[in-house]
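# Secondary and tertiary structure notes
Residues per chain are reported as follows:
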Amino acid sequence: MSNERTPLITTGVCGLTVCGGTGEDMTPESSSGTGTASRDPRKLNTFFGVMVPTILSMFSIVLFLRTGFVVGHAGLLQGLLMLGVAYTIISLTILSICAISTNGAIQGGGAYFMISRSLGPEFGGSIGLMFFLAKVCACGVYVLGLVEAILDVFGLDPESSVSEGARVLPQGYWYTVLYSSIVLLLCLVVCLVGAHIYARTAFVILLVVTASLLSIFISPLAVKPRDFIITHHGPGNQTYRYNVSYTGFNATTLRNNLGSGYSLDYSTNSVMSFATVFAVMFTSCTGIMAGANMSGELRTPSVSIPKGTIIAVCYTFTVYVLLFFLVSATCDRTLLIQDYGFFQRINIWPPFVTIGIYCASLSAAMSSMIGASRILHALALDQLFGLPLAPAATKSNSGNPWVAVLYTWGLAQCVVFAGQLNAIAGLVTVFYLLAYAAVDLACLALEWASAPNFRPTFQVFSWHTCLLGIVSCLVMMFVINPVYSSASIVLLLLLLLFLHYRVPTSSWGYISQALIFHQVRKYLLMLDVRKDHVKFWRPQVLLMVANPRSSCQLILFVNQLKKGGLYVLGHVQLGDLDALPSDPVQQQYNFWLSLVDKLGVKAFVDLTLSHSVRQGTQHLLRITGLGGMKPNTLVLGFYDSCTPEDYFLQDTAFCESSLGNDTDGEYNFGVDLPSLQAHFPPVRHVESPRWLSPEEYVGIISDAIKMNKNVCLGRYFFQLEGEDKDSKIDGSERTIDVWPLNLLSPGTRDAVDVCSLFLLQMACVLNMSNRWRQARMRIFLNVETESSDQGWVVNEETFRELLRKLRIRASIKIVPWDSVVQHHNRPEEESSAKPMESLSEDFLSAVNCLLTENSSQAAVRFLYLPRPPAQASQRQQYLAQLEAVTNSLGPTLLIHGVTPVTCTDL
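Residues numbered from 1 in each chain as written. Predicted model: local features only at pLDDT ≥ 70, side-chain atom pairs only at ≥ 80, totals over all residues. Heavy atoms only, no water.

## A word on the nonpolar core
Ranked by internal contacts, the top residues of the largest apolar core, which has 160 residues, are Leu63, Ile90, Val209 and Ile288. It is helix α1 (residues 46-101) that contributes the most residues to this core, 28 residues altogether. Ile90 has contacts with Met58, Phe282, Cys285, Ile288, Val313 and Tyr436, leaving out every residue within four places of it along the chain. If you look at the next biggest cluster of nonpolar residues, it comprises 65 residues, including Cys552, Val585, Tyr589 and Leu607. (Core = buried A, V, L, I, M, F, W, Y, C linked by side-chain atoms within 4.5 Å. Buried < 20%, exposed > 50% of the residue type's maximum accessible area, 1.4 Å probe, protein only. Helix = DSSP H or I, 4+ residues; strand = E, 2+ residues; numbered from the N terminus. Contact = heavy atoms within 4.5 Å.)

Right, dumping it as structure tokens:
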């Protein structure tokens, strides 16, 4: 049985899993050809696996290199506002992360795993790839920030070409790219060794960063006020000098830094604004999923991710607020704006800050590279993007996805060509906000679906927090950069479409199905049968199918008759449940649903087990459908002695030669073409026993009419062409012939009874369908021209007026049938309610000749179906009359209507 370990494609690498049980019991499937993991890679606890990487990712470069930038341009008040907005957004997202991660076992892939297993492969794959790109860009940002810090200390003075002390590194765009490439190579080496090495060193890095932070908080108490001169090399060999001051704790300095003062950024030579500063500041909030991305290495992800992430976020928020107040009260605005690394100037021992910057930036870069590689590895395992990502599924014996690490390193190398941190900060922020919105959307969908199995142990969330998180993320995306935001959403939609049409159905479970169920149930309750009106009537069809091999053309034809109504394929399996160990019907549904998919019809399937076909049909007529969506029309194939043709042998879609082009994979839920063909038995031969007697067949018609259901009998539809989904026939050469009078009762003068109107309505519905829209409709009126009563002229005009009121476009053909009526000896005044009188073979043959003469070229014919006799002894005779009348006509639909279906009023 398929489960969440089952890959989307049956060959290649297995997918990820989310099953019952604890994280300790689960190990990701090993890639084909890489061997089995020698030991369980799940080693990390909450502190080392979640808190440490999350804190380091959120501190990164913003803590040391952009705190002054934010406060200097935005001021303390707007800076705190930015911080509040950013942490509100990530806090709402964290609530969603905690809810999803505590609702089941989480495997490798972190955010991607959570989204894909909640929203399905289309959303999961597209958002996962976007989140991967965000991680790659973030890695580039952290590396560029580290290089910037290195050049602040070791870079040559822009005014001098001679090395002075430690300033030995030349500066410039290509040098920045070179240094960034070297740093990336170092990160690559560490990541190739394995995430456990990073996790061990991360704690040491966190201790160093914490020591640096303590030195920053202590320095204002020990360092006296001082002035500096800052120089920047501008365009055209210009040099800008700024006199700046460090005042220590000073009320005037704090008051001057309260308001905003957006000015020119010396690194990008562009004027800053609230949006651009917020974009840079928000990069400090992009690390909240650093722990979730390590889910494949965590012992208990469902416990560690919520607990560790919440503690880490609270800790970093507190540190940032204290730092904002500290720099606002001790440094003038010019110092904050013109020197990103001002903390080194005002520290009791500058190397403290330098070491902290290097450690924080390097660890954040490695964390992003590791997180991105895990997401890419999970995408590759699920085979959503095919061959381009297939190598990324490979991993080492220790479980390290080294090929995915190489992919990540290569893309990050492209990112560093931006040259400046601030230049790509907006893009990184937009990608992250989109990913956060997707996580909130996943949790919102799970909450709205009200699925009983959505029982997260973390309860501090609601649909309000999810919705607010989505809106906040989307609004801030467009505030930061409308162009990047629009482009990212367009890219997301393109990925969604690509995956929707490429990826086969998964066994992960689709949240869309749960939401659809929830909405359908609600609207079915609102669909009140007591409010039905003839103006809005539509066919709701139950088509009884004995064997699809001989009925496919009829199935396709009836699909054109439904006019947006209910369409159900019904089948009766003969048997007694008491004598069987289990219900055989339940195992057949997948085969029938796969047949529906193969034929491309919009139909439901309803199967039943019964002692007889008649009793089973009664069951289906009563119980099929729900509420206001229940069948009002029964369609049966005709009962005759013709040997049916096997449609499976005619359509190339069902032939073995198409197997090589069949890329459905698991699209039919394990029902491939050979098993589909094998399930349905061969067509009936002349010697084959019949499951249904003529009396039982007519009894089914009588039962349906008693149950107030309209009845249609289809004959010769195996001759109908152009109904399959690949047909190019547009219907312009087709003709629909309608005979609204009861041809077996010439004495009937009323051409507009309920049955005739129903017959006209069904013909009109067919003429409105796509394949028959261009077809011509002809209505034949039988008249006795030699009769002394010339009332047929009045009847014709009355009928034309009726068609005009019913808005039916059709040509009326007057057909004299005096030569036919003369073979009918039945008195006109005899009531049809009396026992059915035998009709002569000459009369039946004459009616058949009349139909053949006038409708031989029609694509389909609609005939009046007389009411079956009440006496069981006359049923075989009734069926023989119908067979004689329709003999060799071609596709014919005999219709008996019992419900009013037309209306001439608004």
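## A look at the pairing of strand β8 (residues 633-637)
Within β8, four of the five residues are buried, which leaves it mostly tucked inside the rest of the structure. Bridge count for strand β5 (residues 541-544) against β8 is three bridges, and the pairing is parallel. Along β8, the bridge assignment pairs Leu542 with Leu634. Where β8 meets strand β9 (residues 710-715), five bridges bridge the pair, whose relative direction is parallel. Bridge pairing in β9 places Gly637 opposite Gly714. (Pairing = 2+ DSSP bridges.)

## What to know about the packing of aromatic side chains
Ring pairs (aromatic) are described by centroid distance and by the angle formed between their planes. Per the counting criterion, the structure on display carries 29 aromatic pairs. On the numbers, 5.6 Å between centres and 70° between planes, the contact of Phe47 with Phe203 is edge-to-face. In this pair, Phe47 sits in helix α1 while Phe203 sits in helix α5 (residues 195-222), placing the two residues 156 residues apart along the sequence. When its relative accessible area of 29% is taken as the criterion, Phe47 is described as partly exposed. On the accessibility criterion, Phe203 (27% relative accessible area) is partly exposed. Here Trp739 and Phe780 contribute two aromatic rings whose centre-to-centre distance is 4.4 Å and whose plane-to-plane angle is 5°, an arrangement assigned as stacked. Taken together, the positions of Trp739 in strand β10 (residues 735-739) and Phe780 in strand β11 (residues 776-783) put the pair 41 residues apart, joining distant regions of the chain. Taken as a pair, Trp739 and Phe780 share a single burial class, namely buried. An aromatic cluster is built from Phe131, Phe274, Phe278, Phe282, Tyr432 and Tyr436, whose rings are joined through pairwise contacts. Above the face of the Phe69 ring, Arg66 is positioned so that its terminal group lies 6.0 Å from the ring centre. Here the guanidinium or amino end of Lys522 rests over the ring plane of Tyr523, the centre of that ring lying 5.3 Å away. (Phe/Tyr/Trp six-rings, centres within 6.5 Å; stacked < 30°, edge-to-face > 60°. Lys NZ or Arg CZ within 6 Å of the ring centre and 35° of its normal.)

## Considering helix α11 (residues 351-381)
Over its 31 residues, α11 runs 45 Å from end to end, which matches the ideal 45 Å to within 8%, given 1.5 Å per residue. Where burial is concerned, most of α11 is hidden: 26 out of the 31 residues are buried. Once α11 ends, the next one or two residues include Gln383, with phi positive near 55°. (Expected span 1.5 Å × (residues − 1).)

## Structural notes on a nonpolar patch on the surface
A cluster of nonpolar residues, Leu214, Ile218, Ile348, Trp349, Phe352 and Ile355, forms a patch on the protein surface that exposes about 540 Å² of accessible area. Among the secondary structure elements, those contributing two or more residues to the nonpolar patch are α5 and α11. Of note, Ile218 is situated in helix α5. Accessibility expressed as a relative area gives 44% for Ile218, which makes it partly exposed. (Patch = residues over 30% accessible without salt bridge, like charges linked within 9 Å, V, L, I, M, F, W, Y side chains within 5 Å. Areas by Shrake-Rupley, 256 points an atom, 1.4 Å probe, with all protein chains shown as cover. Salt bridge = Lys/Arg side-chain N within 4 Å of Asp/Glu carboxyl O.)

## Concerning unusual backbone geometry
If you check the backbone angles, Tyr716 has positive phi at about 65° while not being a glycine. Of note, Tyr716 is situated in the loop between β9 and β10. For Tyr716, a relative accessible area of 8% puts it in the buried group. The backbone of Ser888 sits at a positive phi, close to 60°, despite the residue not being glycine.

## Quick word on the sheet that holds strand β6 (residues 567-574)
The ten strands are arranged β7-β6-β5-β8-β9-β14-β13-β10-β11-β12 in an open sheet whose pairing can be described as mixed. The sheet is open, and its two edges are formed by β7 (604-610) and β12 (811-816), each paired on a single side. In this sheet, neighbouring strand axes are inclined to one another by 25° on average, regardless of whether the strands run parallel or antiparallel. In the packing of helix α21 (residues 694-706) onto the sheet, the strands contacted are β8, β9 and β14 (892-896), and the crossing angle to β8 comes to about 170°. (Axes fitted to C-alpha atoms, helices over the stretch in contact; angles between N-to-C directions.)

## Let's talk about the packing of α1 against helix α3 (residues 121-154)
For the pair α1 and α3, the least separation of the axes is 10 Å and the interaxial angle reads 35°. Between α1 and α3 the crossing geometry is left-handed. Contact residues: α1 offers Ser57, Ser60, Ile61, Leu65 and Arg66, while α3 offers Val141, Tyr142, Gly145, Leu146, Glu148 and Ala149. (Left-handed = near helix turned anticlockwise from the far one by under 90°.)

## Focus: the environment of Tyr315
With respect to the helices and strands, Tyr315 occurs in helix α8 (residues 301-330). Judged by its relative accessible area of 31%, Tyr315 falls in the partly exposed class. With 264 residues separating them along the chain, Tyr315 and Met51 place their C-alpha atoms 9.8 Å apart. Here Tyr315 is in contact with Ile55, Phe59, Thr210 and Leu213, once residues within four sequence places are set aside.

## Focus: the side chain of Lys709
If you trace the backbone, Lys709 turns up in the loop between α21 and β9. Lacking a salt bridge, the buried Lys709 has Asp532 as its closest oppositely charged neighbour, with an N-O distance of 10.0 Å. Side-chain polar atoms of Lys709 contact the backbone oxygen of Pro631, separated by 2.7 Å. (Lys, Arg positive; Asp, Glu negative; His and termini not counted. Polar contact = N/O pair within 3.5 Å; in protein donor to acceptor, adjacent residues only side chain to side chain.)

## Considerations on the confidence of the model for the chain
A low pLDDT means the predicted coordinates there should not be read in detail. Here the chain averages 82 in pLDDT, while 86% of its residues score no lower than 70. Mean pLDDT values for the elements of the chain range from 75 in helix α2 (residues 111-119) up to 96 in β5. Low pLDDT, under 50, characterises residues 1-38; the stretch is placed with 92 contacts to residues that sit more than four places away or in other chains. Below pLDDT 50 for its whole length, residues 657-667 participates in 16 contacts with residues either more than four positions away or in separate chains. (pLDDT = per-residue confidence, 0-100.)

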